[in-house]
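Reading the structure
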Amino acid sequence: MARRLILTVIVFLLVGVVVFAVTRLGGGDVVALPQRIAVDTTCPVAGCMQPDGACHAAGPYPTPDGNFLMNCPRVVGCTDTNCHAWDRIEGMRSKPSEASMNLWILAPVLLVVALVAMVYAMEKRPAKNKRDGE
Amino acid sequence: MKTSGNLIIDLLATIIYIVAANPLITGWAVHEWVSIGLLLVFVVHCATHFDWIVSTFRHRGERVRTANLALDVATLIVFMVCMVSGLMVSRHIVPLFGFVSPGYFIWNPIHSLSAKLLLALLIVHGVAHWRWFASLLPWRRALSPQHEQEGMEDETGMDE
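Since the structure is predicted, the reported quantities are computational estimates derived from the model, not experimental observations.

Turning our eyes to something else, we now look at the confidence of the model for chain A. Here chain A averages 71 in pLDDT, while 46% of its residues score no lower than 70. By mean pLDDT, the top-scoring element of chain A is helix α1 (residues 2-27) of chain A (93), and the lowest-scoring one is helix α2 (residues 86-93) of chain A (62).

This is the structure in structure tokens:
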């Protein structure tokens, strides 16, 4: 079992490396391995810098105060102290988007599976009872 | 591995997946950590079926088994796309270790798309193996023990 586990982990790692390599091939230099957070590290979403070097990726987020200069990560050269990316950080980045429709797909699927299982059980139980009676 | 062992791993994987697939309810931190747990369970799930995978590669003539294997390979690829892209847009785990990942605007749509695709593939995966699951239903086992045997034969290697 240990040998199988090691081989499986190797296969998973290989697929992961290929996924990263293909994305880098398509995405160019923007796609890179995770980098250590430093004083001059910019936020991957908003392009802003934290003076103390601590990334606010998981919050708390700085609020626009008219002094905090943000560099847009999408439009090269665009900088502003009141960047319109704040909505994006405070919305999508900080809490899951409702566009994540997994709940709305999973819930009906589970409901259908449960109903099918119930109907199947109800159909089979009388047959079993009948056979037990005989 | 025994059938009960396989069933426990499958049920565990399903429950963990349902939790991981709903960040809207759990929040990002739970989503990220539970997804790491899901990766571990998926590795164990694949390792328990390793012999079946190798055997199917060797005997590619059987259409149903080959189709199942193709589905499983597609699921593995999409699963790893989802995991890698998930790590690259991580808000908790990667920053916790003092790292940040560039390319958010490339990885984020990939993560969303692969998550939807993974859900679809996992549903198909479950349906493809419905006979094995059905054979384990208590009333079906009581009704007809040979059904269980049929189910096992369909899942050659699943219960080794």
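Glancing now at the environment of S35 of chain B. Residues and elements named next belong to chain B. Note on placement: S35 falls in helix α3 (residues 28-48). Look at S35 and you get buried, because 22 C-beta atoms sit within 10 Å. C-alpha of S35 to C-alpha of A67: the two residues are 32 residues apart in sequence and 27 Å apart in space.

Once that is clear, we can look at the environment of C43 of chain A. Residues and elements named next belong to chain A. Mapped onto the elements of the fold, C43 is located in the loop between β1 (35-36) and β2 (70-71). For C43, a count of 22 C-beta atoms within 10 Å puts it in the buried group. Sequence separation between C43 and V19 is 24 residues; the distance between their C-alpha atoms is 24 Å.

Ranked by internal contacts, the top residues of the largest apolar core, which has 26 residues, are F79, M80, V81, C82, M83 and V84 of chain B. Where this core is concerned, the elements lending two or more residues are α1 of chain A together with α1 (3-20), α3, α5 (63-88) and α7 (104-128) of chain B. For this core, the element with the highest residue contribution is α5 of chain B, accounting for 9 residues. In contact with C82 of chain B, not counting residues within four places along its chain, are H111, S114, A115 and L118 of chain B.

Here is what the cut-offs are and how they apply
- Residues numbered from 1 in each chain as written.
- Chains lettered and ligands numbered in written order.
- Predicted model: local features only at pLDDT ≥ 70, side-chain atom pairs only at ≥ 80, totals over all residues.
- pLDDT = per-residue confidence, 0-100.
- Helix = DSSP H or I, 4+ residues; strand = E, 2+ residues; numbered from the N terminus.
- Buried ≥ 20, exposed ≤ 12 C-beta atoms within 10 Å, placed from the backbone.
- Core = buried A, V, L, I, M, F, W, Y, C linked by C-beta atoms within 7 Å.
- Contact = placed C-beta atoms within 7 Å.

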